[in-house]
Every structure is written in structure tokens, then in C-alpha cells.
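Inside the fold
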Amino acid sequence: MTERVQTRDGELALDRLGPETAPVVVLLHGGGQTRYSWSGAAEQLAANGYHVLNFDARGHGESAWASDGCYTLDARAEDLRAILGDAPVYALIGASLGGATAIHAVALGLRPQALVLVDVVPNAERAGIERIRRFMLSAPDGFASLDEAADAVAAYNPERPRPRDPEGLRRNLRLRDDGRLHWHWDPAILGDEKATMRSVLAASSRRLAEVADLRTLLVRGLRSDVVSDASVAAFREMLPSLEVFNVAGAGHMVAGDRNDAFNTAVRAYLEKHMPPLARVAL
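Residues numbered from 1 in each chain as written. Predicted model: local features only at pLDDT ≥ 70, side-chain atom pairs only at ≥ 80, totals over all residues. Heavy atoms only, no water.

**Some thoughts on the packing of helix α4 (residues 126-136) against helix α5 (residues 146-156)**
One way to put it is that α4 packs onto α5 with a least axis distance of 11 Å and a crossing angle of 170 degrees. In terms of axis orientation, α4 runs roughly antiparallel to α5. Of the residues in α5, those touching α4 at Arg131, Ile132 and Phe135 are Ala152, Val153 and Tyr156. Here the residues of the contact of α4 with α5 are counted per class, giving five nonpolar, no polar and one charged. (Axes fitted to C-alpha atoms, helices over the stretch in contact; angles between N-to-C directions. Helix = DSSP H or I, 4+ residues; strand = E, 2+ residues; numbered from the N terminus. Parallel < 35°, antiparallel > 145°, perpendicular 65-115°, else oblique. Contact = heavy atoms within 4.5 Å. Nonpolar A, V, L, I, M, F, W, Y, C, P; charged D, E, K, R; others polar.)

**A look at the environment of serine 228**
By secondary structure assignment, the location of serine 228 is in the loop between β9 (215-221) and α7 (229-238). Among residues more than four places away in sequence, those in contact with serine 228 are Glu125 and Arg220.

**Notes on the packing of aromatic side chains**
Per the stated rule, a full pass over the model turns up six aromatic pairs. Taking the centre distance of 5.4 Å and the plane angle of 75 degrees together, the rings of phenylalanine 143 and tryptophan 183 count as edge-to-face. Residue phenylalanine 143 is located in the loop between α4 and α5, and its partner tryptophan 183 is located in strand β8 (residues 181-183); the two are separated by 40 residues in the primary sequence. Judged by relative accessible area, tryptophan 183 falls into the buried class, the value being 8%. Seen from their ring centres, tryptophan 183 and tryptophan 185 are 5.4 Å apart, and the 15 degrees between their planes marks the pair as stacked. Tryptophan 185 shares its class with tryptophan 183; the two are buried. Here the guanidinium or amino end of arginine 171 rests over the ring plane of tyrosine 36, the centre of that ring lying 4.0 Å away. (Phe/Tyr/Trp six-rings, centres within 6.5 Å; stacked < 30°, edge-to-face > 60°. Buried < 20%, exposed > 50% of the residue type's maximum accessible area, 1.4 Å probe, protein only. Lys NZ or Arg CZ within 6 Å of the ring centre and 35° of its normal.)

**Brief notes about the layout of surface pockets**
A volume near 1000 Å³ is recorded for the largest pocket. Lining of the largest pocket is provided by 39 residues; of these, Ser37, Val153, Arg160, Leu169 and Asn172 occupy positions nearest its centre. Broken down by element, the residue count for the lining of the largest pocket peaks at four residues, all from α5. A class-by-class count of the residues in the lining of the largest pocket yields 20 nonpolar, 15 polar and four charged. (1 Å grid on protein atoms, 1.4 Å probe; cavity = no way out; pocket = protein on both sides within 12 Å on 5 of 7 lines; lining within 4 Å. Points joined across faces, edges and corners; volume = space filled by probe spheres on them.)

**Observations concerning α4**
Those residues of α4 not exposed but buried are Gly128, Ile132, Arg133, Phe135 and Met136. The buried side chains of α4 occupy one side of the element, clustering within an arc of 160 degrees when seen end-on. Exposed residues on α4 whose side chains face more than 90 degrees from its buried face are Arg126 and Ala127. (Arc of directions from axis to C-beta.)

**A closer look at empty space enclosed by the protein**
This structure, assessed with the given rule, holds three cavities of 30 Å³ or more. By volume, the largest cavity is sized at about 100 Å³. Per element, the largest residue contribution to the lining of the largest cavity is three residues, and it comes from helix α3 (residues 97-107). The calculated volume of the second largest cavity comes to roughly 50 Å³. Every residue lining the second largest cavity is listed: Leu27, Ala41, Gln44, Leu45, Ile93, Phe262, Asn263, Val266 and Arg267.

**What about the packing of helix α2 (residues 73-84) against α3?**
As a packed pair, α2 and α3 sit with axes 9 Å apart at the nearest point and diverge in direction by 80 degrees. Judged on the interaxial angle alone, α3 and α2 are roughly perpendicular. Taking contact as the criterion, the partners of Leu73, Asp74, Arg76, Ala77 and Leu80 in α2 are, on α3, Leu97, Ala100, Thr101, His104 and Ala105. Residue classes in the contact of α2 with α3 are distributed as six nonpolar, two polar and two charged.

**Observations regarding the sheet that holds strand β6 (residues 114-118)**
Within the open sheet, the eight strands sit side by side as β1-β2-β4-β3-β5-β6-β9-β10. Their pairing is mixed. The two strands at the open ends of the sheet, each matched to only one other strand, are β1 (2-7) and β10 (243-247). Neighbour-to-neighbour, the strand axes of the sheet open up by a mean angle of 20 degrees, direction not taken into account. Where β9 meets β10, five bridges bridge the pair, whose relative direction is parallel. Each bridged residue has a counterpart across the sheet, and for leucine 218 the counterpart in β10 is valine 244. The strands touched by helix α1 (residues 39-47) within the sheet are β2 (10-17), β3 (24-28), β4 (51-55) and β5 (91-95), with β4 carrying the most contacts at an inclination of about 165 degrees. (Pairing = 2+ DSSP bridges.)

Have a look at this one:
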């Protein structure tokens, strides 16, 4: 069942899965995605004994758009606090923008035991980030059909097979008054704050090394144009304890491109540091 969590700037859509007394794992999707991007991972983690919180970020999916257009990392970290309430968090798993939110939340004082970052580093490749931005801005007038939207996705990610049935895209689109299908996100999330967000993320990333006993895993798609060997090396200089898991055949959308490999790697990492039933048995 989907809950509505009230924040200072509007409601967020949240799904809870798994035993309520189990270690809490929060899933933070990437920019332009929704909580449904994590469906497979959420179900597997819950089935393996974790209590999973999977929510739509502000300006995305079924969550509210910020009335003042505020989509800073500070605001997103505050939303994460609202999702958690008083619950202690075992792990934050964040992809791209969700990973940046997780890093910033830790820098502001949130203390998970594990941090899993999916294809996100402090010094991401600007060309890859710009290609994502161009895709998200590429259809201001929407689409006449699901097939048109599927064509746009296929053009952005030609290495992923185009689905024969584009119906799965419907949950990522909204039918507006103009009779056309538009992406679910608020265009204001693509405001002119790139440089500010990049500098905030870099500063927050440097603070990770100061957090005692924080285990951090970077899951990287080897076909990604956002994370490179050089950017991984630079992150390791900031955070010498960083562990890296490379997923062959995956681009920036690691969980979507190789969901099986992604789920296996993340589950093994979490179970290594805290078996999921450890807290349930108390």
C-alpha cells in the first residue's frame, strides 16, 4: 500500500515492504525516475528480511511538486528525514540524484550503517550529465502516444532493447489537459542550479571520510558515460575505504540495465555487514 508522508513543501508517495521490525533500507531513485524503478530491488530486499522504504522524490512520480520550485539537496535531505521519522536507518541506496541526496544527508548528520551509491560520484563526467539533461528537456510538448515516448527512450539508450509493448512507460507519463502525454517530473527540477549542486555534493562527499564506521559501496555501470575510471579514482582519494562493484553491460541506469546483477551485488553487500534477520530475532 502507498502512504502519503507530509513534508514542509507537500506530500511524498511512499511504499513500505518487508517486516516492520527488520533493518530499515531506504531506496532513493535517480532524477527523472520514480520509485517503480526500484520495484525489483524493493521486492527482493523485502523478501530477504529487510524493511524497505521506497518513495517518489519531490517533483517526481506521485509526490508533490515544490510550489516554490525548490529542489536543492538541502530540501531533498529534509524530505528523507521526514520519510524516516524516528526510525534508525541501516542502509541508504541511492541512484544518481538519489545517491547525491544520500551523501548530503549523511554530511548533515544522518547516520546509516551502509551507503550504496549507484553510478554517482562527486566529480561526475559533465558530458554524461548533460546528455541526461538534454533527454529530460527533449519533449517539452509531450508525446502523442506511448510509442512516441518509447522511441525517445530508445534514442537515449540504444543499447537497451526497445520493449515490444510500451505499456510499462505509462506510469512514467501523465495525460495533461492538452491531450498529450508528458513525463511525470516537474520541469523545474532542471533549473539553473547545476554548478551549486555540484559544489554542494563535492563538499558533502569529502565529509564521508569523517563518519566513523560508515561502509560505502559504489555500484558502477561499466558502459556509463557519467562515471569514469578517473572519477572513481578521485572519489577513492576522498574516501579510501570506498568499495566498488562494476556491472558489465550496464550503463548509467544500472538497476534497469542489469537488474539481476545489481540485486545480487547489493543483497550480498548488505547481508555481509548486517544479516537481515539479525534485528528481527531480537
